[in-house]
Amino acid sequence: QCEAMGFRRITYYPDRPDNLAVFDSVRIEADASSYPVLLGNGNKIDEGETEDGRHFATWSDPFPKPSYLFCIVAGKLGSISSSYTTRPSGRKVHLEVFSEPENVDKLDHAMESLKKSMKWDEDSFGLEYDLDIFNIVAVNDFNMGAMENKGLNVFTAALVLADPKTATDNDYESIESVVGHEYFHNWTGNRVTCRDWFQLTLKEGLTVYRDQEFSGDMMNSHAVKRIEDVRGLRAGQYSEDAGPMSHPIRPESYISMDNFYTATVYSKGAEVIRMYRTLLGKDGFRKGMDLYFERHDGDAVTCDDFLSAMADANEVDLSQFSRWYSTNGTPTVNYETKYDEEAKTFYLTLSQESNSDEPLHIPISVGLLDKVSGKEVVPTQVLELKEKEQTFEFPGLDGDVLPSILRGFSAPVNLVGNSADEEKDWSFLAANDSDGFNRWEAGQLLYTSLIFQTMEGKQSESKTEESVFEAFSRALALDTDDYSIQAYALIMPTESTLAEKLDVVDPLALHKATGDVKKSIARKFYSEILAKYESIKNQNADDFAVDAASIGQRRLRNVLLGYLCSVKETPEERETASVLAMTQFESSYGMTDRIAAFSCLVSMDGEEKIVARRDAALQKFYDDAEGDPLVINKWFMAQALADLPDVLDRVKALVEHPDFSMTNPNRLRSVVSAFAMNRHHFHAEDGEGYAFLGGMVAQIDKLNPQMAARMGGGLIQWRRYNSERGALMKVELEKLAAMKPISADLFEVVSRGLK
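Basis of the calculations
- Per chain, residues are indexed from 1 in the order of the written sequence.
- Two thresholds apply to this predicted model, a pLDDT of at least 70 for residue-level local features and 80 or more for giving and counting side-chain atom pairs, whereas whole-chain, interface and lining totals are computed over all residues.
- The side-chain values count all of the structure's non-hydrogen atoms but skip hydrogen atoms and water molecules.
- In DSSP terms, a helix is any run of H or I states spanning at least four residues, a strand is any run of E spanning at least two, and both are numbered starting from the N terminus.
- Atoms considered for the radius of gyration are the C-alpha atoms alone. The globule rule reads 2.2 Å times the number of residues to the power 0.38.
- Relative accessibility under 20% of the residue-type maximum defines a buried residue, over 50% an exposed one, and the middle range a partly exposed one, all with a 1.4 Å probe and only protein chains included.
- Pairs of residues are marked as contacts when any of their non-hydrogen atoms sit within 4.5 Å.
- Using a 1.4 Å probe, accessible areas were evaluated by the Shrake-Rupley method; residue-level cover was limited to the displayed protein chains.
- Positive residues here are Lys and Arg, negative ones are Asp and Glu, while His and the chain termini are left out of the count.
- Every charge is mapped to an atom, namely NZ of Lys, CZ of Arg, CG of Asp or CD of Glu.
- Residue types Ala, Val, Leu, Ile, Met, Phe, Trp, Tyr and Cys, when buried and joined through side-chain atoms within 4.5 Å, form a set referred to as a nonpolar core.
- Counting of polar contacts relies on pairs of N or O atoms within 3.5 Å, with two restrictions inside protein: one atom must be capable of donating a hydrogen and the other of accepting it, and residues adjacent in sequence are counted only when both atoms are side-chain atoms.
- Each pair of strands is called paired provided DSSP finds at least two bridges between the two strands.
- Axis definition: a line fitted to C-alpha atoms, over the contacting stretch in the case of helices. Angles run 0 to 180 degrees between N-to-C directions.
- Here the angle decides the label: under 35 degrees means roughly parallel, over 145 means roughly antiparallel, 65 to 115 means roughly perpendicular, and every other value means oblique.
- What counts as a salt bridge is simple: a side-chain nitrogen of Lys or Arg found within 4 Å of a carboxyl oxygen of Asp or Glu.
- Two joining distances apply to patches: 9 Å for like charges and 5 Å for nonpolar side chains (Val, Leu, Ile, Met, Phe, Trp, Tyr), and every residue must have over 30% relative accessible area and no salt bridge.
- Planes of paired rings set the category: under 30 degrees apart is stacked, over 60 is edge-to-face and the rest tilted, where pairs are Phe, Tyr or Trp rings (Trp by its six-membered ring) whose centres lie within 6.5 Å.
- Rotating anticlockwise by less than a right angle from the far helix to the near helix defines a left-handed crossing, while the corresponding clockwise rotation defines a right-handed one.
- Here the nonpolar group is Ala, Val, Leu, Ile, Met, Phe, Trp, Tyr, Cys and Pro; Asp, Glu, Lys and Arg are the charged ones; every other residue, Gly included, is treated as polar.
- The span expected for a helix works out to 1.5 Å for each residue beyond the first.
- Arc definition: it is the arc formed by the directions from the helix axis to the C-beta atoms.
- The crossover handedness rule: strands pointing away from the viewer, path from first strand over the helix to second strand clockwise, crossover right-handed.

Novice: Help me understand the overall build of the protein chain in this model?
Specialist: The helix and strand tally for the protein chain stands at 25 helices and 19 strands. For 755 residues, the compact-globule estimate of 2.2 N^0.38 gives 27 Å, and the protein chain sits close to it at 26 Å. Seen along its three principal axes, the alpha-carbon backbone of the protein chain occupies a region of about 85 × 70 × 60 Å. Counting all 755 residues of the protein chain, 59% fall into the buried class. Long-range pairs, those at least 24 residues apart, make up 69% of the contacts in the protein chain with a sequence separation of at least 6. Put simply, the protein chain shows about 30500 Å² of open surface, and 48% of that area lies on carbon and sulfur atoms. Of the side-chain charges in the protein chain, 80 are positive and 122 negative, and the distance between the mean point of each set is 1 Å.

Novice: Got a minute to help me understand the nonpolar core in this structure?
Specialist: Note that soluble globular proteins tend to have their nonpolar side chains buried in a common cluster. Membership of the largest hydrophobic core comes to 236 residues, with the highest contact counts inside it found for Y276, F285, F306, I364, I521 and F598. Sort the elements by how many residues they give to this core and helix α5 (residues 263-296) lands first, with 13 residues. Excluding residues that lie within four positions of it along the chain, I521 makes contacts with Y447, V468, F469, F472, M492, I529 and Y563.

Novice: It is not clear to me how the environment of R752 should be interpreted in this structure. Could you clarify?
Specialist: Looking at the element boundaries, R752 is found in helix α25 (residues 744-754). With 509 residues separating them in the primary sequence, R752 and G243 have C-alpha atoms 9.5 Å apart. When neighbours within four sequence positions are excluded, R752 is seen to be in contact with P244, M245, S246 and F260. Of the polar contacts made by the side chain of R752, one reaches the backbone oxygen of S246; its length is 3.2 Å.

Novice: Where do I start with the sheet that holds strand β1 (residues 26-31) in this structure?
Specialist: Where strands meet in a sheet, backbone hydrogen bonds hold them as pairs that are either parallel or antiparallel. The strand order β1-β4-β3 describes an open sheet built from three strands, whose pairing is antiparallel. Unpaired on one side and paired on the other, β1 and β3 (43-49) mark the two borders of the sheet. Strand-to-strand twist in this sheet, taken as the mean axis angle between neighbours without regard to direction, amounts to 20°. Taken together, the six bridges between β1 and strand β4 (residues 54-60) define a ladder with antiparallel strand orientation. Its bridge partner being in β4, A30 is matched across the sheet by H55.

Novice: Even after reading the chapter, I still don't get the packing of helix α14 (residues 548-564) against helix α16 (residues 591-601), so can you show me in this structure?
Specialist: Working note: a packed helix pair is described by the angle between its axes plus the distance between those axes. Where α14 contacts α16, the two axes come as close as 10 Å, and the packing angle between them is 10°. By the angle between their axes, α14 is roughly parallel relative to α16. On α16, the residues touching R554, R557, N558, L561 and G562 of α14 are T592, D593, A596, A597 and C600.

Novice: Help me understand the side chain of S256 in this model?
Specialist: Note on placement: S256 falls in the loop between α4 (222-241) and α5. Setting aside residues up to four positions removed in sequence, S256 forms contacts with A744, D745 and E748.

Novice: What am I meant to see in the pattern of salt bridges here?
Specialist: Note on pairing: side chains with opposite charge can pair once their charged atoms come close. What the rule picks out here adds up to 56 salt bridges. We note a salt bridge from R191 to D130, for which the minimum N-O separation is 2.7 Å. Residue R191 is located in the loop between α2 (169-184) and β11 (193-194), and its partner D130 is located in the loop between α1 (108-125) and β8 (133-139); the two are separated by 61 residues in the primary sequence. Exposure class is identical for R191 and D130. Each is buried. Each of K512, D516, K519, R523, E569 and E573 takes part in salt bridges that share partners, so that together they form one network.

Novice: Hey, could you run me through a nonpolar patch on the surface in this one?
Specialist: Together, M637, L641 and M677 line one region of the surface with nonpolar side chains, adding up to about 260 Å² of accessible area. Mapping L641 onto the fold places it in the loop between α18 (629-640) and α19 (647-655). Among the residues examined, L641 registers a relative accessible area of 37% and is labelled partly exposed.

Novice: So what exactly am I meant to see when it comes to the packing of aromatic side chains here?
Specialist: Two aromatic rings, taken as a pair, are described by how far apart their centres are and by the angle between their planes. Inspection of the entire model under this criterion finds 40 aromatic pairs. Note on F675 and F682: the rings are 6.0 Å apart at their centroids and 90° apart in plane angle, and the pair reads as edge-to-face. A residue is classified by how much of its surface remains accessible, and F682, at 1% relative accessible area, is buried. An aromatic cluster is defined as three or more aromatic residues linked by ring pairs; in this entry it consists of W120, F125, Y129, F134, Y183, F184, Y209, F214 and F285.

Novice: How do you make sense of the packing of helix α13 (residues 526-535) against α14 when you look at a structure like this?
Specialist: The contact between α13 and α14 brings their axes to 9 Å, and the two run at 145°. As α13 runs across α14, the sense of the crossing is left-handed. Of α14, the residues touching α13 (which contributes Y526, I529, L530, K532 and Y533) are L556, R557, L560, L561, Y563 and L564. A breakdown of the residues in the contact of α13 with α14 according to their chemical character gives nine nonpolar, no polar and two charged.

Novice: How should I be thinking about the environment of L560 in this particular structure?
Specialist: Tracing the chain through its elements places L560 in helix α14. With relative accessibility at 0%, the residue L560 sits in the buried group. Each residue touching L560, except ones within four places of it in the same chain, is listed here: L476, L490, I529, K532, Y533 and I536.

Novice: Honestly, helix α24 (residues 723-737) in this entry has me stumped. Any pointers?
Specialist: One turn of the α-helix equals 3.6 residues, which is why residues spaced by three or four share an orientation. With 15 residues, α24 should cover 21 Å at 1.5 Å per step; its first-to-last C-alpha distance of 20 Å lies within 8% of that length. Within α24 the residues assigned to the buried category are R725, G726, M729, E732, L733 and L736. Around the axis of α24, the buried residues are gathered within 125° of arc, so they sit on the same side. Projecting away from the buried face of α24 at angles above 90 degrees are the exposed residues S723, E724 and K735. Where α24 is buried, its residues meet α12 (507-524), α22 (688-701) and α25.

Novice: What exactly am I supposed to notice about the sheet that holds strand β15 (residues 362-370) here?
Specialist: Strand order across the open sheet formed by three strands is β16-β15-β18, with antiparallel pairing between neighbours. Each edge of the open sheet is held by one strand with a lone partner, namely β16 (376-385) and β18 (401-405). Ignoring strand direction, the axes of neighbouring strands in this sheet form an average angle of 25°. Strand direction decides the pairing type here: β15 and β16, joined by seven bridges, are antiparallel. Bridge assignment links L369 to a residue of β16, and that residue is E376.

Novice: Help me understand a negative patch on the surface, please; the structure alone is not making it clear to me.
Specialist: Judged by side-chain charge, E685, D686, E688 and E724 come together as a negatively charged surface patch. Given the relative accessible area of 60%, E685 is considered exposed.

Novice: Help me understand the pairing of strand β14 (residues 345-353), please; the structure alone is not making it clear to me.
Specialist: Taken residue by residue, a regular strand's side chains alternate between the two faces of the sheet. Among the nine residues that make up β14, eight are buried, leaving the element largely enclosed by the rest of the structure. The sheet contact formed by strand β13 (residues 332-340) and β14 spans nine bridges and is antiparallel. The partner of V333 across the bridge, within β14, is Q352. Linkage of β13 to β14, two consecutive antiparallel strands, is achieved through a turn of four residues, within which K344 is found at a positive phi near 50°. Judged from the six bridges that link them, β14 and strand β17 (residues 389-394) form a sheet pairing that is antiparallel.

Novice: Whenever I open this one, the pairing of strand β7 (residues 92-99) confuses me. Can you help?
Specialist: In terms of burial, β7 is largely enclosed, as six of its eight residues are buried. Once strand β6 (residues 78-85) ends, the chain turns through six residues before running back antiparallel as β7, passing G90 with a positive phi of about 80°. Bridge count between β7 and β8: five bridges; the pairing is parallel. Looking across to β8, one finds that H94 is bridged to I133. In this fold, β7 hands off to α1, which returns the chain to β8; that crossover is left-handed.

Nothing here speaks to function; it is all geometry.
What follows is the structure in structure tokens.
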């Protein structure tokens, strides 16, 4: 396993990604009893036994590749196998998925996801698999999610192993997505790779876009997938873009390349690829992809080569669009509107602000709704914003209209309007917009406005609460088969997303305001929420399914449970909430419903019987796990994310738990990273959360510099907080900076955080 620069540890070799070679013969030899499975890149061309109980396997990869794609695996592994016949050539490919022997019964979903990926790439891009063998290996100790080594993909176990009793719906969806992502790299990353590591987004941004489209097709709802992806982008990448580690999708410098496998390179990079698709259309994008492969198959290329293929295939000038590759930060698009009744013309003026010295080329998808009827009078059009300010005209309209702007989140920007009554507009769009993403977005803006007003004590001075209640009521009563869309319409913005809209973040005040708004909604609609919750059947082993409708039903049911369990001010309310959550916890067949109820229970405090019920759930969840590492990770994580006054003490106790390991990346994430995401406890005014994280990072750096650098990133945003919190965070950064020795990975993050 070598990405980015691991091959130099195997042998002397110029391991730059543009140094491509055919690894014609790789012989692996080992003790047959200790290492019965021997895997390599490409096709297996020979195997046999040697003297003294040893055996060998020889692998040959006929395609030129950089050394970062070299991989060998040796061990005692179980597996399942199948086959896939490619189209149109008819190549029969042997497929095998490996894991520890005790986990073989959890590999079926990964295998099915692989087959779906192979078919989707043929159908969508005409791309066939090119070897006779494709292997996937799941390992417990792995820093990354997965790696696309040619013909031998390596995954962290959490992204391969699944059955209904140990994996959530999110786990199932992630496995399908990441199996697809690594398979799609066979062409966008392996057959055509990057010239140097500054071009990493060439393969990662493009392949993330491809896996997003694949997942949208598999769940039969691109609106749901778009909502999920943008929620992730805003919660993670926007924060990165606003902090000291901000960088363009094509970074200009680095100390440790491991630090630039970032949300910006991956997620924002995917948004840049999506903008090509928006500007050129589906057919134009496919033409560009075809030309890209025709020109560069077997080469190591640059982002500029990809842009040239897109431009040349469609005979368009994309030179201005190239500025996205060198511009960091999140641009802002402002808009103003005017309707001329006499001319029957609507005017939309767009302007842009960014860190680029010259204007960016920004696609803005827009539709127009009649202000009286709510009907769409102008379907989606893509406006190309290429100047600092442009006005677009829409003639032939018989009445005033309301624009639906940035449909489908057509560009990774912040959108700011100047409407005299924004909340009225948001309510109108939440009720009438035909674009699923923008309908959801309008509701999110209403929630956000009410939360910020609540923070400032101004909620009683406006009609926002009434608008939020109306939007929530409408979403709750929605008659739809797309339960996931309904669930997301009811979910409030995350605290991390809200924090990005604030100049100075007060995590405790933000958490309290968010909780107060959630409770006010839950109290207002308690009987309706309960009725809806009870109307959704709790699936058992006989009718359990992992399809879009079933996942949506569970997602909706658990969102409703969260609202019901937020009402717990009085002893009676706490008892009701506790019993409700415990009932679901004890009666649920699948992990999705079980962990949702468990997460509610671990945050419950108060009377003795409430605490006893919580502690009983903690013990039962642990006992039922029977040592399964992935289930134990969930047990750890739920506690690290709990909303209890002594949660830091509990996290410190978890670090001392016999099942905690400083050397297992997934276990570290489930405790240390999870606590750092528990914002209002991590950011407690006494600074103890920062001290805990700083101390853990110092220890981890001696064992795993990559993990230390990622976790150290939790301290570098100190300028976003008030002077007291900022000073406490900075102290921990300074302690880390003064360590001797310190890894290059952690030094880069800490030093940039202190600049």
